[in-house]
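These are the residues of each chain, in order.
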Amino acid sequence: FDHLAVPSHVHNTFASPPGVVYRTIWTMPNRDSALLQTITTSLCHMVDVHTMTMLSRMLPLADREIRLRPTDAERLQAQTHLKGAGMSRVVLVHAGKSLDEKALPAQWWQATVDALAQEDLIVCLIGSTSTAPGDTMEVLPIACPAGGIDLRNALALGSLFALIESAPVLLTGDSPLVQVAGAFDNWIVMLPAGKHPDLVFPYRQGTTRHK
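Residues numbered from 1 in each chain as written. Predicted model: local features only at pLDDT ≥ 70, side-chain atom pairs only at ≥ 80, totals over all residues. Heavy atoms only, no water.

A. Looking closely at the packing of aromatic side chains. The final tally for this structure, using the stated rule, is 2 aromatic pairs. Residues Phe14 and Tyr22 carry aromatic rings whose centres are separated by 5.4 Å and whose planes lie at 90 degrees to one another, so their mutual orientation is edge-to-face. What makes Phe14 partly exposed here is its relative accessible area of 42%. Taking the relative accessible area as the measure of exposure, Tyr22 reaches 47% and is therefore partly exposed. (Phe/Tyr/Trp six-rings, centres within 6.5 Å; stacked < 30°, edge-to-face > 60°. Buried < 20%, exposed > 50% of the residue type's maximum accessible area, 1.4 Å probe, protein only.)

Structure (structure tokens):
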């Protein structure tokens, strides 16, 4: 939200000052809305759920595209973390989970990153275990393969955006990083769990199937 030049707060940490009344608009879930009595969030695209809940409308395709703008300093910091690795061979891997039903086994992730390393690709592990109240996002304790780069719990948010911007491929489950990658033009390899990919992939160039 930096481009808005307004105060922002980490999820679940804002405390309204005494005597000040704010209008609260819930994205999801909005338990006071009749909307969720008529739609099922797992059967709708995330953009539609949020905009129908907050704005009572659906957005034109061009307005659904995610916009993130890393700074030059954040891009430089991301490159520093890679320690000179050739970006063309880097595969970003987010082996994490938020909900148990969306998680793939750690053994599967370990076999996958080991196989990628054997193909002479540079595996870069990303993601973080959240400390925000009510947030269950975490990374799985898999071993970084030989020749890989372990950046788990090591990146500021802007540096993470810059790294995803520059990497040719992101491999992840159904995670927030899919939406971050929606702001850029890399390949997104997602392993969906319980929701159709068309309803998870971000809109890029007017479609959810771009790269």
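B. Up close: the pattern of salt bridges. Here the structure, examined in full by the defined rule, presents 7 salt bridges. Asp72 serves as the salt-bridge partner of Arg75, at 3.2 Å between the closest nitrogen and oxygen. One end of the pair, Arg75, and the other, Asp72, are both in helix H2 (residues 72–82), 3 residues apart, so they sit about a helical turn from each other. Judged by its relative accessible area of 31%, Arg75 falls in the partly exposed class. (Salt bridge = Lys/Arg side-chain N within 4 Å of Asp/Glu carboxyl O. Helix = DSSP H or I, 4+ residues; strand = E, 2+ residues; numbered from the N terminus.)

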